[in-house]
Amino acid sequence: MSPAARRFLLAGAARRRCLSTDAEASASASSQLPRGKRWDAVVIGGGHNGLVAAAYLARTGRSVAVLERRGIVGGAAVSESDLVPGFRFSRCSYLLSLLRPAILRDLELERHGLKLLPRSPSSFTPCLDGRYLLLGPDADLNHSEISKFSKKDALAYPRYEEQLEKFCKLMDFVIDSAPPEIRQEFHASMVDRMKDRVDKSAFWGSLLRHAIQQGQKNMVEFFDLLVSPASKILNYWFESEVLKATLATDAVIGAMAGVNTPGSGYVLLHHVMGETGGQRGVWAYVQGGMGSVSSAISKAALEAGVQIVTNAEVSQVMVNETTGKVEGVALADGTEVHSTIVLSNATPYKTFVDLVPANVLPEDFLCAIKTADYSSATTKINVAIDRLPQFHCCKDINPEGGPEHMGTIHIGSESMEEIDLAYREAAGGVSSKRPVIEMTIPSVLDKTISPPGQHVINLFVQYTPYKLSEGSWQDSNVRKSFAERCFSLIDEYAPGFSSSVVGYDMLTPPDLEREFGLTGGNIFHGAMGLDSLFLMRPAKGWSDYRTPVKGLYLCGSGAHPGGGVMGAPGRNAVSVVLEDLRQNRC
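Overview of the structure.

Analysis parameters
Residues numbered from 1 in each chain as written. Predicted model: local features only at pLDDT ≥ 70, side-chain atom pairs only at ≥ 80, totals over all residues. Heavy atoms only, no water. Helix = DSSP H or I, 4+ residues; strand = E, 2+ residues; numbered from the N terminus. Buried < 20%, exposed > 50% of the residue type's maximum accessible area, 1.4 Å probe, protein only. Contact = heavy atoms within 4.5 Å. Pairing = 2+ DSSP bridges. Arc of directions from axis to C-beta. Right-handed = clockwise from strand over helix to strand, strands pointing away. Axes fitted to C-alpha atoms, helices over the stretch in contact; angles between N-to-C directions. Parallel < 35°, antiparallel > 145°, perpendicular 65-115°, else oblique. Left-handed = near helix turned anticlockwise from the far one by under 90°. Disulfide = S-S within 2.5 Å. Core = buried A, V, L, I, M, F, W, Y, C linked by side-chain atoms within 4.5 Å. Nonpolar A, V, L, I, M, F, W, Y, C, P; charged D, E, K, R; others polar. Phe/Tyr/Trp six-rings, centres within 6.5 Å; stacked < 30°, edge-to-face > 60°. Salt bridge = Lys/Arg side-chain N within 4 Å of Asp/Glu carboxyl O.

Let's talk about the overall build of the protein chain
Moving on, step 1. Of regular secondary structure, the protein chain possesses 19 helices and 22 strands.
Moving on, step 2. Out of the 586 residues in the protein chain, the part that is buried amounts to 59%.
Moving on, step 3. Put simply, of all contacts in the protein chain between residues at least 6 apart along the chain, 73% involve residues at least 24 apart.

This is how it looks when you write it as structure tokens:
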């Protein structure tokens, strides 16, 4: 058996071992719940947004239960250590920046063990011609590095960053607010309806004040960014292909979209509007992996009195057909968990197509949910290696790790044309021949996740369609071929990388759907195009976390403001739930 085949089988066996352990434990799900207890609120899914929602609700003195299908909490923000022995992988998400500062403060996540490891430099793009580009929070470094490719771009880059930061300040208000949805509800009193209109007017007034502070010119630029392809924005600002391609990956990451797709400029903004330690746009590793984020939130939730139940798969949302009100949820083992408030951290499709009885939902709403875009372009490959990759473009080789190993390493994206070609191949049902790879090596900074001298590598790979035009992701030969294609591409930049691999775990779009409940494998719970954001997310008329089922709310990434480990959907949803409780609307 070849070394590559042995490594593939090792990863597969470890994955099966993990899944069988969860299955064996699932029989005890009902024993973790007090019999006959009626909860003030039940949360479907123990992903980070569900945990955030549960923690905030419990802090108001309400009894809250979180029901998680898997044997561990965290959803896509999870660390797993039994996939390749001795290595701890951030299985899906792998970097942190978008988590809202208010959540960090309110839930005291640092006290609960969250430790961030900022990266500097934050970006490294090696080139086959022997050059490279480093970028990060150091303005002098950025100027020096970009000047190697274009002195004009080196001067423009600070102005580009300054403009994006202005836009991010406007977005902060939008992200931390529930959308101002207005709908006529026959059961609402005239006083309630008038109050709603006052509240919504206050939102628009605040947004207008933020917009006025930006100035007319900046607002025109802002709307241009929202509707334009990333290629148009980046071509306007810069001339260097390497710089444009490096920045363009942020516009397409996680999306079945190319650099020429209208609206991809917004996704570019979405990936720079976070912060670490007060520094805008800085992404960090999390010590212990991304599961440490979920662990810290769950500790805050437990401290507030939340009961978290794992191996508890929800099979149905129970709805009273006469009143249309939610009555709780039923588990796969037959257990009924009763509550008049249910928050779903599952995707909109999973929630409304799989869990809610179809006869209680408006036909147009259900149609909108079913026809939403859940397409995925993403495959995550978690790799264990016995030595750091050494890039041929770097002359000063440090086996312990140099600046090139600290941040995100951009492989196969030296021009926007390369990225666009990879996208067009996937749009035709073919996994990209030269995939776009974002490679990170968290173990350079985090010594807790791998044996001494060995390392963990995250490969976030695009583009891989959910359904291949030829072959299937269920075919082990197809999977192995694609993984080795990625490793061979890295070999072109870091010779010998393939021979350093001691094991790996690969998650294609169908794997992400099956193991983590991500419909279509979409990491954002649905596309982040302009037609599925803000007042349109998850469906027109239902953007404020409420749903057609009274007492049922969305609190996951399928709701405003969308995907990423930010916690905003969970926190915002609770504000709406509490408002409804005050108004006796639940």
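Now that the structure has been shown, we can carry on.
A look at the pairing of strand β8 (residues 132-135)
Moving on, step 1. Both strand β7 (residues 123-126) and β8 contribute to a ladder of four bridges, which runs antiparallel. Of the residues in β8, the one forming a bridge with Pro126 is Tyr132.

Some remarks on helix α12 (residues 348-355)
Moving on, step 1. Pro348, Thr351, Phe352 and Leu355 are the residues of α12 that are buried. All buried residues of α12 project into a common sector of 125° when viewed along the axis, lining one side.
Moving on, step 2. Against the buried residues of α12 lie β2 (41-44), β13 (314-319), β16 (342-344), α13 (363-371) and β22 (552-554).

What to know about the pairing of strand β3 (residues 64-67)
Moving on, step 1. Across the two faces of β3 the burial is the same, with Val64 and Val66 and Ala65 and Leu67 all buried.
Moving on, step 2. Pairing analysis gives four bridges linking β2 to β3, with the strands arranged parallel. Looking across to β3, one finds that Val43 is bridged to Val66.
Moving on, step 3. Handedness of the crossover is the feature at issue here: the chain leaves β2, passes through helix α2 (residues 48-58), returns alongside β3, and the resulting connection is right-handed.
Moving on, step 4. The pairing of β3 with strand β12 (residues 307-309) spans three bridges and is classified as parallel. Bridge pairing links Leu67 to Val309 in β12.

Focus: the packing of helix α8 (residues 230-237) against helix α9 (residues 241-252)
Packed helices, taken two at a time, are described by the angle between their axes plus the distance between the axes.
Moving on, step 1. Two numbers describe how α8 lies on α9: the axes approach to 10 Å, and their chain directions differ by 150°. When the interaxial angle is binned, α8 and α9 end up roughly antiparallel. Where α8 crosses over α9, the handedness of that crossing is right-handed. For the pair formed by α8 and α9, the contact residues are Ala230, Leu234 and Asn235 on the first element and Lys244, Leu247, Ala248 and Ala251 on the second.

Here's the deal with the sheet that holds β3
Moving on, step 1. Read from one edge of the open sheet, five strands run β12-β3-β2-β16-β22, paired in parallel fashion. Both outer strands of the open sheet, β12 and β22, are each paired with one neighbouring strand and no more. Put simply, the sheet's adjacent strands are angled 20° from each other on average, direction ignored.
Moving on, step 2. In the sheet, β16 pairs with β22 via three bridges, with the strands oriented parallel. Note on β22: the bridge partner recorded for Ser344 is Leu554.
Moving on, step 3. Strand contacts of α12: β2, β16 and β22, with the helix running at about 150° to β22, the strand carrying the most contacts.

A closer look at the state of the cysteines
Moving on, step 1. Tallied over the full model, the rule gives zero disulfides.
Moving on, step 2. No disulfide involves Cys393; its sulfur sits 4.1 Å from the nearest other cysteine sulfur, which is in Cys394.
Moving on, step 3. Judged by its relative accessible area of 2%, Cys393 is buried.

Concerning α2
Moving on, step 1. Taken across its eleven residues, α2 has eleven buried, putting it largely inside the fold.
Moving on, step 2. Inspection of α2 places His48, Asn49, Gly50, Leu51, Val52, Ala53, Ala54, Ala55, Tyr56, Leu57 and Ala58 among the buried residues, and these make up the whole buried set.

Looking at the nonpolar core
Moving on, step 1. Counting residues in each nonpolar core, the largest one holds 69 residues, and the members touching the most others are Leu67, Leu109, Val293, Val329, Leu343 and Phe352.
Moving on, step 2. Considering every element that reaches this core, the biggest residue donor is α2, with eight residues.
Moving on, step 3. In this view, Phe352 contacts Leu361, Phe365, Leu366, Ile369, Thr547, Leu552 and Leu554; residues no more than four positions away in its chain are not counted.
Moving on, step 4. Formed by 59 residues, the second largest nonpolar core is a distinct cluster that contains Tyr160, Val242, Val267 and Ala426.

Things to note about the sheet that holds strand β1 (residues 38-39)
Moving on, step 1. On the basis of which strands lie adjacent, the open sheet formed by four strands has the order β1-β15-β14-β13 and mixed pairing. The open sheet is flanked by β1 and β13, the only strands paired with a single partner.
Moving on, step 2. Strand direction decides the pairing type here: strand β14 (residues 326-331) and strand β15 (residues 336-339), joined by three bridges, are antiparallel. Note that in β15 the partner of Val329 across the bridge is Val337.

Remarks on the packing of α2 against helix α11 (residues 291-303)
Moving on, step 1. Interaxial distance between α2 and α11 falls to 8 Å at its minimum, and their mutual angle equals 20°. Taken together, the axes of α2 and α11 lie roughly parallel to each other. The interaxial crossing formed by α2 with α11 has left-handed handedness. From α2, His48, Leu51, Val52 and Ala55 reach across to α11, where they touch Ser294, Ile297, Ser298 and Ala301.
Moving on, step 2. The residue inventory of the contact of α2 with α11, partitioned by class, reads five nonpolar, three polar and no charged.

Some thoughts on the side chain of Thr378
Moving on, step 1. Structurally, Thr378 can be placed in the loop between α13 and β17 (379-385).
Moving on, step 2. By relative accessible area, which is 1% here, Thr378 ends up buried.
Moving on, step 3. Contact partners of Thr378, with chain neighbours within four places excluded, come to Gly254, Phe460, Val461, Gln462, Thr464, Leu507, Thr508, Pro509 and Leu512.

Examining the packing of aromatic side chains
Moving on, step 1. The tally for this structure, following the rule as stated, stands at 18 aromatic pairs.
Moving on, step 2. Between Tyr349 and Tyr374, the ring centres sit 5.8 Å apart and the planes meet at 80°, which makes this aromatic pair edge-to-face. Of the two residues, Tyr349 sits in helix α12 while Tyr374 sits in the loop between α13 and β17, which places them 25 residues apart along the sequence.
Moving on, step 3. Residue Tyr374 is classed as buried on the basis of its relative accessible area of 10%.
Moving on, step 4. What links up through ring pairs into an aromatic cluster is the set Tyr157, Tyr160, Tyr236, Trp237 and Phe238.

What about the pattern of salt bridges?
Moving on, step 1. Enumeration over the complete set of coordinates arrives at 25 salt bridges.
Moving on, step 2. The residue Asp420 makes a salt bridge to Arg424 at a minimum N-O spacing of 2.9 Å. Here Arg424 and Asp420 lie together in helix α15 (residues 416-427), a separation of four residues that amounts to about one turn.
Moving on, step 3. Judged by its relative accessible area of 13%, Asp420 is buried.

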